[in-house]
Amino acid sequence: MKEITLTIDGKVCKGVQGETILEIANKNEVYIPTLCYLEGLTPIGSCRMCVVEVENNPKLLTACTTPAQDGMVVHTKTEKLYNYRRQILELLFAGRNHYCMFCSQSEDCELQRLAIEHGMDHVRYPFLYADFENDASDADLQMDHNRCILCLRCIRVCAEKVGAHTLDLQKRGWDATVISDLGQKLGESDTCVDCGACAQVCPTGTITVREFAYRGKRNDCDDIVESVCPLCAVGCRIKAYVRTGTVARVEGTGTSQPDGGQLCHKGRWHLPESTERERVTTPMIREGVHYREASWEEALSLVAEEFKESYDNKSAGALVSSLCTDEELGVFSAFFKEGMQMSHIDTFDGDVLRGFARGFEPFRRQGVRPFTAAHNLLDSDCIVTLCADPQDEAPVVASYVRVATLKNEATLVNVSSWGEAFPGLTDINIPLKRACGDPGMLNELAAAVSAMQQSAEMPEERENLYEEYEQALTRAAEKADVERETMEQLVKCMVSSEKTTLVLGGSVATDPNVVTAAANLAIAAQAFRDDGLGLVPLVRSGNSLGTINTMLSDEPWIGEENRDFLYVYSTGLVPEDKQEYKEHLAAAANAKFVVVQTPYMVKPLVNFADVLLPAPAWYERSGHYCTIEGERRKLNVIVPPRGEVKGLATVFDALAEKMGITIRQPEIAPCASLFESKIPASQAQMVTEQGVTS
């Protein structure tokens with residue numbers, strides 16, 4: 001792009017053609033006040049705080065919307081501009097009830113900060129505003145319309161980043177207000193996904209997270225630490241605000257990131273709330289129905305004694321969370337897998353991970369990365385959700401799907417047996433009358449798509465290929481027990497699109513044949529991305545991908561074999577009483593001796609423990625996560641652990657010494673190189689029961 005040069009306040013500033021005055025000013029560290037502008041959202045220039053003077057132009061121009069031109073001479077700090085901005089601020093204060101002393105966001109408010117910056121100690125205009133509603137209908141958010149300055153940040157982030165489009169504007173002039181849906185209260189909205197993005201971007205006290213008023217304002221906090229959310233496989237980047245040694249609030253990092261700096265309801269509320277849970281702070285040993293505190297020495301000696309006996313009898317097992325970091329998984333793998341040579345190891349989501357790992361293995365052997373970064377959904381023109389519920393499994397992936405559909409007009413296809421994942425947005429719905437996850441149906445669908453693709457490339461074979469297409473399509477429709485015409489709509493969508501992306505739900509991934517068939521379908525549709533096949537796997541946990549080559553057992557044993565000794569490590573962030581973990585709890589209940597290491601008193605898991613060991617909570621740990629965004633993201637220590645809590649490496653070094661074994665540092669990070677893309681995805685070959693097809 002052509003480089004251009006501007007002079008802003010006497011400073012020579014470089015930029016490129018197409019950038020606005022504000023973008024170039026920001027890049028060159030020239031401050032221009034803004035209010036409605038937020039990087040990553042569409043600039044609208046409505047507040048006019050960013051107005052600047054440009055020589056040889058008689059008008060005041062909004063810097064956020066005015067394209068910069070080579071040779072421009074811009075002034076941002078003249079007396080005229082200062083007075084103009086102050087007048088705007090006075091009108092904003094006169095337009096609604098902005099009495100800072102009664103606002104929970106006082107001292108954490110961009111409007112207030114600008115007023116102070118411009119020396120606004122009084123308002124010269126009459127206060128003519130009417131009373132507006134304070135909408136407290138939502139359990140987590142509060143919307144006080146009396147504080148609103150109509151900057152529309154909330155509306156834009158909801159539409160452009162979350163894709164929910166819950167918020168909009170009603171009425172005009174002084175009566176204009178932000179509404180949800182068609183005028184419902186926020187708590188009654190049918191489309192709000194409770195992500196809280198609107199509250200994060202609000203520059204005043206209009207939309208606020210209720211509990212943040214008590215946890216502390218941003219300015220009250222002592223530190224801000226960037227980290228990642230461990231709750232799902234997306235691994236969203238977060239900013240954690242620390243106040244008096246605890247996590248007061250968690251926010252997304254910024255709207256300029258590919259993910260829009262989003263957080264879902266899990267990250268925004270569940271992470272701070274987890275800091276208030278009852279902790280395991282010291283080792284404890286069961287005595288009857290009670291626990292008594294013990295030293296690490298006593299607890300680990302007992303663990304080593306029981307462990308050794310069961311290990312000698314080949315009846316020991318270990319179960320760990322896939323929310324652990326690569327480094328923690330490395331410690332587990334070095335101890336249990338390499339040091340103890342144990343085969344009975346696994347994770348809570350082992351069945352799903354084994355399905356993905358085995359299903360992807362034929363493509364990995366080809367040197368193809370069998371999936372793509374989740375944010376590539378944003379530029380897709382055909383999205384197919386295969387037995388997936390992204391809003392439940394990975395809510396930010398659901399945002400990508402909504403934005404691609406609403407903003408970029410991608411065609412959305414739902415294939416499932418339990419209804420639409422995106423009601424009202426789905427263009428083609430294929431309601432399977434049989435259970436989800438039939439690899440035969442997916443393979444027939446791949447054959448139909450492949451025949452259609454080839455017919456365009458080989459006109460001399462068109463007649464034969466059309467016959468193949470007809471037969472495969474009919475078989476696919478029969479296997480799905482749906483109308484043939486409905487299935488044909490899906491095929492046409494995938495064939496006519498340039499960037500098809502499939503989203504595969506975790507619930508059907510326990511069958512590796514389904515995973516392989518889904519990858520075949522992506523190949524047939526020529527869903528090729530720079531980083532791999534156009535398939536997004538909804539693995540369940542924060543570091544599921546990092547778990548695959550560390551603590552994932554080759555064969556399932558949970559629910560099939562009881563162990564005399566069972567070591568369980570839980571991060572406590574996922575309820576272990578979920579239906580899919582019933583067998584894991586049963587394994588703990590049936591073991592003769594159970595060690596549970598966890599940060600929290602997670603019930604019912606701790607009820608089975610003979611020895612309870614404390615572990616660092618998510619905000620006390622550091623390490624890396626392998627995310628479905630295709631990045632290895634860093635988890636940072638936000639608050640140092642307290643009391644008797646020790647890091648895993650320290651604990652397992654001590655345990656290894658007591659058991660007389662030596663553990664070594666893993667040479668390769670768990671997720672490194674596992675799904676490395678060695679050849680372009682376009683060279684991937686479909687896989688059948690007979691092997692790789694040419």
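The structure under discussion appears in the preceding block.
These lines cover the structure that appears in this document, whether it is placed above or below.

What counts and how
Residues numbered from 1 in each chain as written. Predicted model: local features only at pLDDT ≥ 70, side-chain atom pairs only at ≥ 80, totals over all residues. Heavy atoms only, no water. Helix = DSSP H or I, 4+ residues; strand = E, 2+ residues; numbered from the N terminus. Rg over C-alpha atoms; globule rule 2.2 N^0.38 Å. Buried < 20%, exposed > 50% of the residue type's maximum accessible area, 1.4 Å probe, protein only. Contact = heavy atoms within 4.5 Å. Areas by Shrake-Rupley, 256 points an atom, 1.4 Å probe, with all protein chains shown as cover. Lys, Arg positive; Asp, Glu negative; His and termini not counted. Charge placed at Lys NZ, Arg CZ, Asp CG, Glu CD. Phe/Tyr/Trp six-rings, centres within 6.5 Å; stacked < 30°, edge-to-face > 60°. Lys NZ or Arg CZ within 6 Å of the ring centre and 35° of its normal. Axes fitted to C-alpha atoms, helices over the stretch in contact; angles between N-to-C directions. Parallel < 35°, antiparallel > 145°, perpendicular 65-115°, else oblique. Left-handed = near helix turned anticlockwise from the far one by under 90°. Nonpolar A, V, L, I, M, F, W, Y, C, P; charged D, E, K, R; others polar. Disulfide = S-S within 2.5 Å. Patch = residues over 30% accessible without salt bridge, like charges linked within 9 Å, V, L, I, M, F, W, Y side chains within 5 Å. Salt bridge = Lys/Arg side-chain N within 4 Å of Asp/Glu carboxyl O. Pairing = 2+ DSSP bridges. Expected span 1.5 Å × (residues − 1).

**Details of the overall build of the chain**
No. 1: A tally of helices and strands in the chain yields 19 helices and 31 strands.
No. 2: The globule rule puts the C-alpha radius of gyration for 694 residues at 26 Å, and the 28 Å found for the chain is close to it.
No. 3: Seen through its principal axes, the chain has C-alpha atoms that stretch 85 × 80 × 50 Å.
No. 4: Burial analysis of the chain (694 residues in total) assigns 57% to the buried set.
No. 5: Long-range contacts, defined as pairs at least 24 residues apart, comprise 70% of the intrachain contacts of the chain with a sequence gap of at least 6.
No. 6: Element-wise, carbon and sulfur atoms account for 47% of the exposed surface of the chain, whose accessible area totals about 29,100 Å².
No. 7: Distance between charge centroids for the chain: 5 Å, based on 68 positive and 100 negative side chains.

**Things to note about the packing of aromatic side chains**
No. 1: Tallied over the full model, the rule gives 21 aromatic pairs.
No. 2: On the basis of an interplanar angle of 90° and a centroid distance of 5.5 Å, the ring pair of Phe 332 and Phe 652 is categorised as edge-to-face. Placement of Phe 332 in helix 9 (residues 326-339) and of Phe 652 in helix 19 (residues 648-659) is noted, with a sequence separation of 320 residues between them. As far as burial versus exposure is concerned, Phe 332 and Phe 652 are alike and both buried.
No. 3: For Arg 96, the ring lying beneath its charged end belongs to Phe 132, and the centroid distance is 3.9 Å.

**Some words on the packing of helix 13 (residues 439-457) against helix 14 (residues 462-480)**
No. 1: Between helix 13 and helix 14, the shortest axis-to-axis distance is 8 Å and the interhelical angle comes to 160°. Taken together, helix 13 and helix 14 sit at an angle that is classed as roughly antiparallel. For the pair helix 13 and helix 14, the sense of crossing is left-handed. Facing helix 13, whose interface residues are Gly 440, Met 441, Glu 444, Leu 445, Ala 447, Ala 448, Ala 451, Met 452, Gln 454, Ser 455 and Ala 456, helix 14 presents Arg 462, Leu 465, Glu 468, Tyr 469, Ala 472, Leu 473, Arg 475, Ala 476, Lys 479 and Ala 480.
No. 2: Here the contact of helix 13 with helix 14 is built from residues that sort into 13 nonpolar, three polar and five charged.

**Structural notes on the state of the cysteines**
No. 1: Applying the stated rule across the entire model yields two disulfides.
No. 2: Across a sulfur-sulfur distance of 2.2 Å, Cys 382 and Cys 493 are joined as a disulfide pair. Because the torsion about its S-S bond is 130°, the bridge between Cys 382 and Cys 493 counts as right-handed. Note that Cys 382 is positioned in strand 18 (residues 382-386) and Cys 493 in helix 15 (residues 484-496), a separation of 111 residues in sequence.

**Structural notes on a negative patch on the surface**
No. 1: Together, Glu 460, Glu 461, Glu 463, Glu 467 and Glu 468 give the surface a local cluster of negative charge.
No. 2: With respect to the element layout, Glu 467 can be found in helix 14.

**Some words on the sheet that holds strand 24 (residues 535-537)**
Pairing between the strands of a sheet comes from backbone hydrogen bonds, and it takes one of two forms, parallel or antiparallel.
No. 1: In space, the five strands of this open sheet follow the order 20-19-18-21-24, with parallel pairing throughout. Looking at the sheet topology across the chains shown, the edges are occupied by strand 20 (428-431) and strand 24. Sheet twist, expressed as the mean angle between neighbouring strand axes with direction ignored, is 15°.
No. 2: Sheet topology places strand 18 next to strand 19 (residues 411-416); five bridges connect them, and they run parallel. Considered in strand 19, the bridge of Val 384 is made with Val 413.
No. 3: Together, strand 18, strand 19, strand 20 and strand 21 (500-504) form the strand contacts of helix 15, whose direction differs from that of strand 20 by roughly 130°.

**So, the sheet that holds strand 12 (residues 237-243)**
No. 1: Here we have three strands laid out as an open sheet, ordered 11-12-13, and antiparallel in their pairing. Strand pairing shows two members of the sheet lacking a second neighbour, strand 11 (223-228) and strand 13 (246-252), which therefore form its edges. The sheet shows a mean angle of 30° between the axes of neighbouring strands, taken without regard to direction.
No. 2: Bridging between strand 11 and strand 12 involves six bridges; their strand directions are antiparallel. When the sheet's bridge partners are listed, Val 225 is paired in strand 12 with Ala 240.
No. 3: Relative to the sheet, helix 7 (residues 265-274) contacts strand 12 and strand 13, its axis offset from that of strand 13 by approximately 170°.

**Quick notes on helix 2 (residues 79-95)**
No. 1: Along its 17 residues, helix 2 runs 24 Å from first to last C-alpha, staying within 8% of the 24 Å computed at 1.5 Å per residue.
No. 2: Turning to helix 2, its buried residues are Leu 81, Arg 85, Arg 86, Ile 88, Leu 89, Glu 90, Leu 92, Phe 93, Ala 94 and Gly 95.
No. 3: Structurally, helix 2 contributes buried residues whose contacts are with strand 3 (51-54), strand 4 (60-62), strand 5 (73-75) and helix 3 (110-117).

**A few points about the pairing of strand 21**
No. 1: Among the five residues in strand 21, five count as buried, and that is most of the element.
No. 2: Every second residue of strand 21 is oriented toward a common face, with Thr 500, Leu 502 and Leu 504 on one face and Thr 501 and Val 503 on the other, all of them buried.
No. 3: In this structure, strand 18 lies alongside strand 21, joined through five bridges in parallel fashion. Within the sheet, the bridge partner assigned to Val 384 lies in strand 21 and is Leu 502.
No. 4: The pairing of strand 21 with strand 24 spans three bridges and is parallel. In the sheet register, Leu 502 faces strand 24, and the bridge partner there is Leu 535.

Any functional reading would require information beyond the geometric quantities listed.
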